[in-house]
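Here is what each chain is made of, one letter per residue.
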Amino acid sequence: MKPAPFDYVAPSTVEAAIEALVAANGEGKILAGGQSLVPLLNFRMVRPAVLIDINRIEGLSFIELRGDKIAIGALTRHRALERSQLIAEKLPVMKAAMRHVAHVAIRNRGTIGGSLSHADPAAELPMLALFYGATIVAQGASGRRHIAAEDFFVDALTTCLAPEEIVVEIEFPLLAHDGWGFEEMSRRFGDFALACIAVAIRRGGDVLDDLRVAAMGVGDTPLRLRMVEDQLRGAAIDGSMPERLAQLVSASVSPNSDVHASADYRRHLAGVLAKRALTTALAAKA
Ligand SMILES: Cc1cc2nc3c(=O)[nH]c(=O)nc-3n(C[C@H](O)[C@H](O)[C@H](O)COP(=O)(O)OP(=O)(O)OC[C@H]3O[C@@H](n4cnc5c(N)ncnc54)[C@H](O)[C@@H]3O)c2cc1C
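Residues numbered from 1 in each chain as written. Predicted model: local features only at pLDDT ≥ 70, side-chain atom pairs only at ≥ 80, totals over all residues. Heavy atoms only, no water.

What about the domain arrangement of the chain?
So, point 1. Along its sequence, the chain is organised into domain 1 (7-53), domain 2 (63-173) and domain 3 (179-283).
So, point 2. A separation of 36 Å is found between the C-alpha centroids of domain 1 and domain 3. (Domains from an automatic or database assignment.)

Side note on the site of the ligand
So, point 1. Around the ligand there are 31 residues in total, and Ile30, Gly34, Leu37, Thr111 and Glu124 lie nearest to it.
So, point 2. Within the backbone of Gly34, one N or O atom sits 2.7 Å away from an oxygen atom of the ligand.
So, point 3. Between the ligand and the protein, one listed contact pairs an oxygen atom with a backbone N or O atom of Gln35 at 2.8 Å.
So, point 4. The fraction of the free accessible surface of the ligand (970 Å²) that becomes covered by protein chains is 88%.
So, point 5. For the shell around the ligand, the elements supplying multiple residues, two or more each, are β2 (28-31), α7 (112-118) and β10 (166-173).
So, point 6. Here the shell around the ligand gets five residues from one element, more than from any other, and that element is α7.
So, point 7. For the shell around the ligand, the class distribution of residues is 14 nonpolar, 14 polar and three charged. (Near = heavy atom within 4 Å. Polar contact = N/O pair within 3.5 Å; in protein donor to acceptor, adjacent residues only side chain to side chain. Areas by Shrake-Rupley, 256 points an atom, 1.4 Å probe, with all protein chains shown as cover. Helix = DSSP H or I, 4+ residues; strand = E, 2+ residues; numbered from the N terminus. Nonpolar A, V, L, I, M, F, W, Y, C, P; charged D, E, K, R; others polar.)

Things to note about the packing of aromatic side chains
So, point 1. Overall, the coordinates contain three aromatic pairs when judged by the stated rule.
So, point 2. Judged by centre distance (5.9 Å) and plane angle (85°), the rings of Tyr132 and Phe172 are edge-to-face. You can see Tyr132 sitting in helix α8 (residues 124-132) and its partner Phe172 sitting in strand β10, a full 40 residues away along the chain. Side by side, Tyr132 and Phe172 carry an identical accessibility label, which is buried.
So, point 3. Here Phe152 and Phe153 contribute two aromatic rings whose centre-to-centre distance is 5.1 Å and whose plane-to-plane angle is 90°, an arrangement assigned as edge-to-face.
So, point 4. For Phe153, a relative accessible area of 8% puts it in the buried group.
So, point 5. Grouped by ring-pair contacts, the aromatic residues Phe131, Tyr132 and Phe172 constitute a single cluster. (Phe/Tyr/Trp six-rings, centres within 6.5 Å; stacked < 30°, edge-to-face > 60°. Buried < 20%, exposed > 50% of the residue type's maximum accessible area, 1.4 Å probe, protein only.)

Right, dumping it as structure tokens:
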């Protein structure tokens, strides 16, 4: 298939890109890596009047340590995240996740801003944004606003971005945790996940001082499982804890059935992955 006709502009500043979005009056689309948008264009599932290519805007691709946060520019490619020493040291769960994002050719082009804005419920970076408690910085005609990841993802493939807003950067707070685990299951390596779980823990002696759990592939948006976290925070650490987490996670998600897997399978899988992830996290300091 070929896309429906569209105009194309390639502005060199964020401000000019926003002007183009405003001028398009809801009919404009940002083009970043094109790895999700171009297939949608080719299948004519989206028919924008104008494509606004942001790849020539300087200063949108960076990974920086700023105090207790890592700031990442919206045009930073998946491959850059995968290969960054700073990400490996400071956001190790992101490092572990990136090799699960599609294939190298796609990771060479796909961007973090595009992945978050596309908001696929089975995509790794939206889940990581929730897991780390990231803040998404969006710029529009009236300036910048900071959006908590938990407010950003509204539904499958839907965010709270206004039509004339552009994601410019994302801030990831560093976690003060001492063990983590990341587990994903897909039919073939590189496919979108059937289910995925990220876990981080902080121990206080034999007690679980803090726990963070995020999931994806098991709902219309990625999920931070705060109720599960609350039930295990402060609990004594013993050999039954991974199984307790598995049961809590399975009971707290409501996946949909689709051609890839039934809801029951995904619910069970989420529990199995949670158990594995917590076992790994606990082993880190054993
Ligand atoms: C075969 C295949 C397998 C894949 N598997 C996976 C996978 O396993 N996991 C995964 O996470 N992803 C996967 N992807 C998607 C890939 O990671 C995409 O790169 C990503 O979802 C979108 O990033 P992009 O930069 O290519 O965005 P684009 O395709 O350019 O844009 C996607 C959407 O976001 C909007 N947009 C882009 N940038 C911005 C911005 N800065 N501000 C506002 N709106 C913006 C666009 O207008 C468009 O609506 C796969 C893709 C393919 C083709």
